[in-house]
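Fold and contact review
Letter by letter, the chains look like this.
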Amino acid sequence: MCAGNRYTSVFMTSVTVRIAGANGDGIESSGALLNKIASRNGLHVYAYRGYQSIIRGGHLWYQVRIADTPISSYGETIDILIALNQDAIENQKSHLSKDAIVIYDPSKVNADSLPQNIKRLPMPLLDIAIQQAGDPVMRNTAALGAVLKLIGLDISLFDDIIRKTFGRKGEKVVSANINTAQAGYNYQGIEKKYSLKGDGKVRAVLDGNTALAIGAYAADCKMYFAYPMTPASSILHWFAAHEDKGVVFKQTEDEIAAINMTVGAASAGVRAMCGTSGGGFSLMVEGLGMAGMIEAPIVVVESQRAGPSTGLPTKTSQADLMFVLHASQGEFPRIVVAPRSVEECFTVAADAFNLAERYQCPVIILLDQVISESFETIEDIDLSKVKIDRGKIETQASTSVGRFARYAITDDGVSPRSIPGTPGLEFVAATDEHDEYGDLVSDMYAGIDKYVEIRERMYEKRMKKLDTMLKNETVFVPEVSNASAKHFIVCYGSTTGPAKEAVDMLNAEGKDFGLISFSYLWPIDAEKTKHMLEGKHIIDVEGSYNAQLAQLIRMTTGIEIKEKVRKWNGEPFYAEEIYRKVKEIVDA
Amino acid sequence: MATQTTQVKQIYTSGVKPVWCPGCGDYGVQVAILKAITELSLDKSSTLLVSGIGCSSAMPHVFSTYGIHSIHGRVLPVATGAKFANDDLTVIGTTGDGDAYGIGVAHLIHAARRNIDITYIVMNNQIYGLTTGQASPTSLVGAKTKSTPFGDIEEPVNPIALAISSGATFVARGFSGDPAHLAELIKQGIVHKGFALIDVFSPCVTFNTLNTYDWFRQRIYKLDATHDASNLASAFDKATEAERSNWAKIPIGIFYNIDKPTYSELDVALKKGSTIKQPQHTKEQVQELIDENK
C-alpha cells in the first residue's frame, strides 16, 4: 500500500497534490498554475487530470506531482488533497497516502469520513475568496496559496505567472488572484512540510498533445485536419489557436474528410497531418490505404482511448496497437511510433514528416489519453537537431525522357515524386494498381502476363521501402537500459514513464531489473530485437487485455513472453502498481 | 480546323484511352472538359483533376495534367486538401453520381457551404455502371436495376437543389449529348470564384435503359436569359422543375450563380496566399511556442 511513499522517501522528495471538485470550480486553471509555479521554482512536474467520471455533478480532479529530480509518472497516492466539495472527500479518500493532508472548507465540506491518520487542514476558503476577491470561485486560489506554503514554493513567483496568465483581464483580476493566494499562504498555523530544492532552471510544462503539435510545427507541418475527438482534441485546439502563426487548421465534417484532405495536401507538396482517437481512426482507414497505394507522405495521430466503440471516452488504453499496425486492406509500408514521454512527442513529431517524405508512406503516431493529456516539465530542446528532409522530389523535367515516371522502379523502392505545379512532370496518382507512369493496369488485368508482371513489380517496389527503412534508419529497435540485468520489463509508449520508475524502485530493493521500451513499433528490426530479447527473463507491461505488444514481439521475433502485467480498466499505470505486480512475479 | 484539334490533343491529352463502353456519355464530358480547358488555356502543370471511383473516375488519366484518382466518394476532401496546399492550382473534381451523391454526399454539403474554389463535375448516369448496374441515389422511382428488380422505391436525390441549399455559389447542369453547351458551363464553373457544381446527365448505354440520350432529348430545355441565376427563389424554382413536372421538363444550364468570398479568402492562414509558398517555420518561432508554456 505504501510502496509509493517508501520509494519517494528513499530517492527524492516528491509531493503529489490533487485538486478535486466539480466542473466550474476552476480546477483546471489551478492545476495549470501549480504546474507553472513549480516549474518556476526549478522543480519537475508530472500532472494528469481525471474528468467526466460517472459521479453525478461531474467530478473533476487535477493531480500535480512535484519533485526535485526528473519524474515520469503521476504518483499513485495523494499527499495533499484540496477537496472543494463533499464528492472530493468521498471519491478521493481511498487514494490518500498515510500521512496526507486534506485542505477543505468546513462550512461546505464535512471531513468526518476521512481515516483517523489523515491530517485535516480546515480553512475558510469561501470567506477568504469573498474577502479578498469578492468571488466565491477563488476558493481554489486560496487553497493553492496554502499548498505553496506547505511545499515551500516561492509565492513571489506567483505574481508574475498571474500577470502573464490573467494580465489581459486587467489589474483587478490580477490583484484579486494575488491577494487571495497570499491570504491562503499566510493562513494561520500552516507550516512548511516538505523541502523541495529546485535547481533554478525554469522548464516548459507541456502536455503530450501540445508537444506533438509544436514538434509538427518545427517540422514545418503547415496543415492539420481533424474532427473533434477526445483525447486528441487539444491538438486541434493548438492548431486552431495558432492559425496566425503560419498553419492552416480545418475542422472537417468527419475523420474521413480529415485524412483525405491530408492526402490531398501532402500530394500537393505541403506537410500535412490529421489526428483523432480510435473511433475516428476507424473512419480514416480507407484513406490510410490510399496514402499507402499512391505513396503520399502523410502523418496521422491516433490517441488511444479505452474502447471498444465509444468505450470510456476520457480514459486511456493501449489496445489499438494491432489495429493501427494492420489497418486497411492489402499490404503497404507504414511506420508506427508511440512516443514514450511528452518530450518524445515533440521529437517524434518533428521527425515523422521526414520519415513520411523519405519513404513516401503514412506515419502513424500512436498516443494514448495519458500521454496526450499529461503535463511534464521538459528540458530545453536543441532545435538545431530538428532537420528537414523532404526526400526525393523531382523539380526539373528531363529533356530526354518522355513522360515522367512517378512510380519508377528503383533499387530502394522510393521513386522521385513531383509536386503539382511543376511543369513537365505531370502524372496521375492512382489508387488502382498502376504502372511506373501511374497508368492503371487494374482494368486490363484479367491474368494477362504483361499486367501480372507489372503488378508484381509495383507491389515489390512499394514493399521494398520497408527493407530500405530498416537498412537506413536506426530507430526500429527498442531501447534497453541495464542491458546486463537479470530481469526486464518490456513496454511501449506511455507505459514507459511509470515502468522506468518501477524499475528504479525494484533495483533499490536489490532486484536486478532493466527496461526494454519501444517507441518505434513498426517496422521492427526483427533480428536486432530478437538478439536483444533472447535468453532474458522478460515481463510484459501494457494496457491491453490481449497483451498486443507481446503478440507483436512473438510475431516478429518468435519469442514468447509468458509473464505479463496487463491493464484494461481505463486507468493509467502507476509506477507503484507496476512495481508491486512485477515484484510479485519475480518473488513467486 | 483539323490541324488545330490535333495540336490541342497533344497539349492536354495523355494518349491514355478510357475504358468506357462505346456510346458512353462520359466521352461527351471528356470532349467538353478538353474544349473548356483548351479555350481557357489553362496551364496543364497547374491543373489538378481529382476523381473518385467508378467509370467516370477514369477521367484524369486521359488528360496530361496532374491528377489524383482517389477513393470512392472522397473527391472533395482530396481536392480541398490540394487546393488549401496550393491555391494557384486549378482544381477540378470529375466523378459520378454514386461517388458524389451516395457515398460522398456529406462532403458535397460541406464543400459547398465552405465555398471552396473548386469545380465539381459529376457525371450523373443514374446507375452504378462499374459494379454492373445497381440503383444509384439519382435513379428514378420505379427504375428496375439489379439491386431494385421490383422497381426503385426511393426518391432520387436532387443534386441541384441540394447544392444550392448547401451554399454552393455556382450550380449548373449539362448534358453530355451537347458537349458544346456543357463546355461553356465547365468554363464558367472554372472561372467562377468559389464552389461550382456541374451535374451532367451522362447516359449509361449499357445498364440504364430508361434514361437514354433520347429520353433526355425529349425532356431537356436550356435555361436562358429570362432565368435570374442570382436569385435564390428562382434558382430553387428551376431546380425543382423536373420533379414538379414528373420529369416532363428538365432544365439544363446555370441555375444559380452568385459572388461570395471563398473559404481561402476568409481563413486567417489561407488568405495570406498559397500555403506552399509560405516561408518555412523558423527555430525562433518554434522556441517562442515552447516558451508559451513556461
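Residues numbered from 1 in each chain as written. Chains lettered and ligands numbered in written order. Predicted model: local features only at pLDDT ≥ 70, side-chain atom pairs only at ≥ 80, totals over all residues.

1. Some details on the overall build of chain B
Each helix and strand counted, chain B has 13 helices and ten strands in total. Relative to the 2.2 N^0.38 estimate, which gives 19 Å for 294 residues, the radius of gyration of chain B is 20 Å and therefore close to what a compact globule would have. For the C-alpha atoms alone, the extent of chain B along its principal axes is close to 70 × 45 × 40 Å. Split into buried and exposed, the 294 residues of chain B put 52% on the buried side. Across chain B, contacts joining residues at least 24 apart in sequence account for 70% of those joining residues at least 6 apart. (Helix = DSSP H or I, 4+ residues; strand = E, 2+ residues; numbered from the N terminus. Rg over C-alpha atoms; globule rule 2.2 N^0.38 Å. Buried ≥ 20, exposed ≤ 12 C-beta atoms within 10 Å, placed from the backbone. Contact = placed C-beta atoms within 7 Å.)

2. Overview of the overall build of chain A
Across its full length, chain A holds 19 helices and 21 strands. Radius of gyration (C-alpha) of chain A: 26 Å, near the 25 Å computed for a compact globule of 588 residues. Along the first, second and third principal axes, the C-alpha atoms of chain A reach 90 × 60 × 45 Å. Burial analysis of chain A (588 residues in total) assigns 57% to the buried set.

3. Here's the deal with the sheet that holds strand β20 (residues 537–542) of chain A
Residues and elements named next belong to chain A. With mixed pairing, five strands are arranged side by side in an open sheet as β16-β18-β17-β20-β21. Bordering the open sheet on either side are β16 (479–481) and β21 (563–566), each of which pairs with just one other strand. Between one strand and the next, the sheet's axes are offset by a mean angle of 20°, whatever the strand orientation. Looking at chain direction, β16 and strand β18 (residues 513–518) are connected through three bridges and run antiparallel. Counterpart to Glu-479 in the pairing with β18 is Ser-517. Relative to β20, helix α18 (residues 548–557) is tilted by about 135°, and along the sheet it contacts β17 (487–492), β18, β20 and β21. (Pairing = 2+ DSSP bridges. Axes fitted to C-alpha atoms, helices over the stretch in contact; angles between N-to-C directions.)

4. Considerations on the interface of chain B and chain A
The interface of chain B with chain A comprises 49 residues on the first partner and 54 residues on the second. Secondary structure elements with two or more residues in the side of chain B that touches chain A: α3 (59–62), β2 (66–69), α4 (75–85), α6 (105–114) and α13 (283–291) of chain B. Looking at the side of chain B that touches chain A, the element that brings in the most residues is α4 of chain B, giving eight residues. A per-class count over the side of chain B that touches chain A returns 22 nonpolar, 20 polar and seven charged. As defined by bridge partners, strand β15 (residues 428–430) of chain A adjoins β2 of chain B across three bridges and the pair is classed as parallel. Its bridge partner being in β2 of chain B, Ala-430 of chain A is matched across the sheet by His-69 of chain B. (Nonpolar A, V, L, I, M, F, W, Y, C, P; charged D, E, K, R; others polar.)

5. Regarding the sheet that holds strand β7 (residues 204–207) of chain A
Residue and element names in this part refer to chain A. Strand order in this open sheet of eight strands is β6-β5-β4-β1-β3-β2-β14-β7, and the pairing throughout is mixed. Every other strand in the sheet has two partners, leaving β6 (119–122) and β7 as the edge strands with one partner each. Pairs of neighbouring strands in the sheet enclose a mean axial angle of 20°, with direction left out of account. Bridge count for strand β2 (residues 44–50) against strand β14 (residues 375–378) is two bridges, and the pairing is antiparallel. In the strand pairing of β14, Tyr-46 is matched with Glu-376. Packing of helix α5 (residues 139–150) onto the sheet brings it into contact with β1 (14–22), β4 (78–83), β5 (96–104) and β6, and relative to β4 it is tilted by some 155°.

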